[in-house]
Amino acid sequence: MSSCCAAEAKNASERKLLWIVLILNFSMFVIEFIAGWLANSSGLLADSLDMLADAAVYSLSLYAVGKSLLYKGRAALANGYLQLSLGLLVLVDVARRIWLGSEPQSELMLSIGFMALIVNMICFVLLYQFRQGDVNLKASWICTRNDMLANIGIIISAVLVGQFDAAWPDWVIGSVIAGIVIHSSLAIINEAKVSIQSDAVADKNRT
């Protein structure tokens, strides 16, 4: 009985945490996406889509809390494929801007980049205790860690855009963020497949 109560308390705590980071990331996605269009910035748009992917990660993680390894593995697999799709879309957007040209606004990039970094630092601290948890919570922590690196990259690119009065630093950081998202998504997909296979083997052994 005590173990059941402990499990329920742990699940409730995980759900509360995931709701908090979900709301923070989705709110930041809306702000950053709008700012990205206004600033004509591939980097901000890339990071906003990354925020949206994270919000999806947390949504699916909420779905998986308290469920079996099979459900958790499937949720993580969906997360991975979603992030992979968004990463590829960002690369297409960067290529489009290189072809058509763009004039990113460095001041807006800088202010929104700092805002996004603060939000991700809060999420990072909240999720730190779950960095060695199940596949979904671990994926959530990895996403937040990568986002912090991407935010720092946006801040640096904003400074370079203003310094050189050129768009190429924005294109570079947009491509780098897309690469980070794609790399992380492949790692999540592989780990999710291992989790699903392990659960299938365990279920076969039970029968």
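Bear in mind the structure is a predicted one, so any value in this text is a computation, not a measurement.

What counts and how
- Residues numbered from 1 in each chain as written.
- Predicted model: local features only at pLDDT ≥ 70, side-chain atom pairs only at ≥ 80, totals over all residues.
- Heavy atoms only, no water.
- Helix = DSSP H or I, 4+ residues; strand = E, 2+ residues; numbered from the N terminus.
- Buried < 20%, exposed > 50% of the residue type's maximum accessible area, 1.4 Å probe, protein only.
- Contact = heavy atoms within 4.5 Å.
- Areas by Shrake-Rupley, 256 points an atom, 1.4 Å probe, with all protein chains shown as cover.
- Salt bridge = Lys/Arg side-chain N within 4 Å of Asp/Glu carboxyl O.
- Core = buried A, V, L, I, M, F, W, Y, C linked by side-chain atoms within 4.5 Å.
- Expected span 1.5 Å × (residues − 1).
- pLDDT = per-residue confidence, 0-100.
- Phe/Tyr/Trp six-rings, centres within 6.5 Å; stacked < 30°, edge-to-face > 60°.
- Lys, Arg positive; Asp, Glu negative; His and termini not counted.

A. Region of the structure containing the overall build of the protein. Of regular secondary structure, the protein possesses 6 helices and 0 strands. Along the protein, from the amino end to the carboxyl end, the secondary structure elements read α-α-α-α-α-α. Residues classed as buried in the protein amount to 48% of the 207 residues present. Sequence separation of 24 or more characterises 81% of the internal contacts of the protein that already satisfy a separation of 6 or more. Per element, the accessible surface of the protein, about 10,400 Å² overall, is 69% carbon and sulfur.

B. Region of the structure containing the side chain of serine 185. Along the chain, serine 185 falls in helix 6 (residues 168–206). Those residues within four positions of serine 185 in sequence are excluded, and the remaining contacts are Gly80, Gln83 and Leu84.

C. Spotlight on unusual backbone geometry. A positive phi angle, near 55°, is found at asparagine 40, a position not held by glycine. Residue placement: asparagine 40 occurs in the loop between helix 1 (2–39) and helix 2 (42–64). Of note in the backbone geometry, aspartate 165 takes a positive phi value of approximately 50° without being a glycine. Structurally, aspartate 165 can be placed in the loop between helix 5 (135–164) and helix 6.

D. Seen up close, the pattern of salt bridges. This model, assessed by the stated rule, comprises 2 salt bridges. Where aspartate 93 meets arginine 97, a salt bridge forms, and the shortest distance between an N and an O atom there is 3.0 Å. Residue aspartate 93 and its partner arginine 97 are both found in helix 3 (residues 69–100); the two are separated by 4 residues, about one turn of the helix. Across the pair, arginine 97 and aspartate 93 agree in class, each one buried.

E. A look at the nonpolar core. Ranked by size, the top nonpolar core spans 49 residues in total, and within it Val21, Met28, Leu44, Tyr58, Val90, Leu127 and Ile177 carry the most contacts. Mapped by element, the contributors of at least two residues to this core are helix 1, helix 2, helix 3, helix 4 (106–127), helix 5 and helix 6. The contacts of valine 90, once residues within four sequence positions are left out, are Ala46, Leu49, Gly174 and Ala178.

F. Representation of helix 4 within the structure. With 22 residues, helix 4 extends 31 Å between its outermost C-alpha atoms, agreeing within 8% with the 32 Å of an ideal straight helix rising 1.5 Å per residue. Burial in helix 4 covers these residues: Met109, Ile112, Gly113, Ala116, Leu117, Val119, Asn120, Cys123, Phe124 and Leu127.

G. How the structure looks around the confidence of the model for the protein. This prediction gives the protein a mean pLDDT of 79; 80% of its residues lie at or above 70. Overall, residues 1–9 carries pLDDT values under 50, and its contacts beyond four positions in sequence, including any with other chains, amount to 0 contacts.

H. Seen up close, the packing of aromatic side chains. Overall, the coordinates contain 4 aromatic pairs when judged by the stated rule. Here the aromatic rings of phenylalanine 29 and phenylalanine 33 are separated by 5.8 Å at their centres, their planes lie at 45°, and the arrangement is tilted. Note that phenylalanine 29 and phenylalanine 33 are positioned in helix 1 at a spacing of 4 residues, about one turn of the helix. Residue classification places phenylalanine 29 among the buried positions, given a relative accessible area of 14%. Assessed through its relative accessible area of 30%, phenylalanine 33 is described here as partly exposed. Centre to centre, the rings of phenylalanine 33 and tryptophan 37 are 6.2 Å apart; their planes meet at 75°, and the pair counts as edge-to-face. Highlighted residues: phenylalanine 33 and tryptophan 37, both in helix 1, separated by 4 residues, approximately one helical turn.

I. Fine view of the side chain of glutamate 32. Assignment of secondary structure puts glutamate 32 in helix 1. Among buried Asp, Glu, Lys and Arg side chains, glutamate 32 stands out as unpaired, with arginine 97 the closest opposite charge at 13 Å. If we ignore the near neighbours within four places in the chain, the residues touching glutamate 32 are Leu44, Asp47, Ser48, Met51, Ile112, Ala116 and Ile154.

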